[in-house]
Amino acid sequence: SAVISQKPSRDICQRGTSLTIQCQVDSQVTMMFWYRQQPGQSLTLIATANQGSEATYESGFVIDKFPISRPNLTFSTLTVSNMSPEDSSIYLCSVPQGALAFFGQGTRLTVV
Amino acid sequence: KQEVTQIPAALSVPEGENLVLNCSFTDSAIYNLQWFRQDPGKGLTSLLLIQSSQREQTSGRLNASLDKSSGRSTLYIAASQPGDSATYLCAALTQGGSEKLVFGKGTKLTVNP
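Remember, predicted model here, so these are calculated numbers, not experimental data.

In this structure, what is going on with the pattern of salt bridges? I would like to understand it.
Side chains carrying opposite charge are able to pair once their charged atoms draw close together. Applying the stated criterion to the full structure yields four salt bridges over all chains. With a shortest N-O distance of 2.6 Å, D87 of chain A and K65 of chain A are connected by a salt bridge. With D87 of chain A in the loop between β8 (75–80) and β9 (89–97) and K65 of chain A in the loop between β6 (56–57) and β7 (68–72), this residue pair connects regions lying 22 residues apart in the sequence. D84 of chain B is paired through a salt bridge with R61 of chain B; the nearest N and O atoms lie 2.8 Å apart. Of the two residues, D84 of chain B sits in the loop between β8 (72–77) and β9 (86–94) while R61 of chain B sits in the loop between β6 (56–59) and β7 (62–67), which places them 23 residues apart along the sequence. Overall, D84 of chain B belongs to the buried group, its relative accessible area being 7%. Taking relative accessible area as the criterion, R61 of chain B reaches 29% and is therefore assigned partly exposed.

What follows is the structure in structure tokens.
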């Protein structure tokens, strides 16, 4: 099974600032996914990060707000830009291995 | 558009009780259905995966079933323990266009000693 390290585990940020979340995988993977879990809600896919190409964003999510980098097959970052209190959520990265999905421990973001 | 619903939203049981968590999905065109456990600060842990051609999967005290025709899956936990306390999520990997996991909101389980 894939081991995924996600940093930071939590942060409290001022509105209007940006936070970059890092996701490191212990093996090379083609696709990495970024999810958001708002309080009391289900996980929602933000985007798919593919190495060597632009990320693919889901409806309702845009690159200017959630820029993603994927410099190699083991690492990705998600930036939450110009934050507002509505961005307070848990953000998770995920990788598939076969039919299974593996997740990082998540980043709990609070915007004040 | 696939929608996944989990009932109940929360469940509290005494230790030792057998229990069933329910998951329903609106689009039966799925590749598989996966059950996860979510603990605070620990992300998601995969518990069981049921392929669309399968009816059930078992792992220890856990048994998951899948009925595609009715759009339902259940997670059965036998002889519950306080360590089973967590939020349980189901997710359907949906066919058609971009394959992606669609999650329910989860059932928060509390097992009381």
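Any chance you could explain the packing of aromatic side chains here in plain terms?
A full pass over the atoms with the stated rule returns seven aromatic pairs over all chains. Aromatic pair F36 of chain B and F103 of chain B: ring centres 5.6 Å apart, planes at 40 degrees, arrangement tilted. Placement of the pair is F36 of chain B in strand β4 (residues 30–38) and F103 of chain B in strand β10 (residues 100–103), with a sequence separation of 67 residues. Among the residues examined, F103 of chain B registers a relative accessible area of 3% and is labelled buried. Of the aromatic side chains, those joined through ring pairs into one cluster are Y35 and F103 of chain A together with F36 and F103 of chain B.

What am I meant to see in the state of the cysteines here?
Disulfides are covalent bonds that connect the sulfur atoms of two cysteines. Under the counting rule described, the total for this entry stands at two disulfides over all chains. The disulfide partner of C23 of chain A is C93 of chain A, and the gap between their sulfur atoms is 2.0 Å. When the S-S torsion is 75 degrees, as for the bridge of C23 of chain A with C93 of chain A, the disulfide is right-handed. With a gap of 70 residues between them, C23 of chain A in strand β3 (residues 19–25) and C93 of chain A in strand β9 connect regions that are remote in the sequence. Side by side, C23 of chain A and C93 of chain A carry an identical accessibility label, which is buried. The disulfide bridge from C23 of chain B ends at C90 of chain B, spanning 2.0 Å between sulfur atoms. Where C23 of chain B bonds to C90 of chain B through sulfur, the torsion about that S-S bond is close to 80 degrees, and the disulfide is right-handed. Pair noted here: C23 of chain B is in strand β3 (residues 19–25) and C90 of chain B is in strand β9, with a separation of 67 residues, a long-range link. Note on C90 of chain B: relative accessible area 0%, which makes it buried. Of all cysteine sulfurs, the one in C93 of chain A lies closest to C13 of chain A, which takes part in no disulfide; the gap is 17 Å.

What counts and how
Residues numbered from 1 in each chain as written. Chains lettered and ligands numbered in written order. Predicted model: local features only at pLDDT ≥ 70, side-chain atom pairs only at ≥ 80, totals over all residues. Heavy atoms only, no water. Salt bridge = Lys/Arg side-chain N within 4 Å of Asp/Glu carboxyl O. Helix = DSSP H or I, 4+ residues; strand = E, 2+ residues; numbered from the N terminus. Buried < 20%, exposed > 50% of the residue type's maximum accessible area, 1.4 Å probe, protein only. Phe/Tyr/Trp six-rings, centres within 6.5 Å; stacked < 30°, edge-to-face > 60°. Disulfide = S-S within 2.5 Å.

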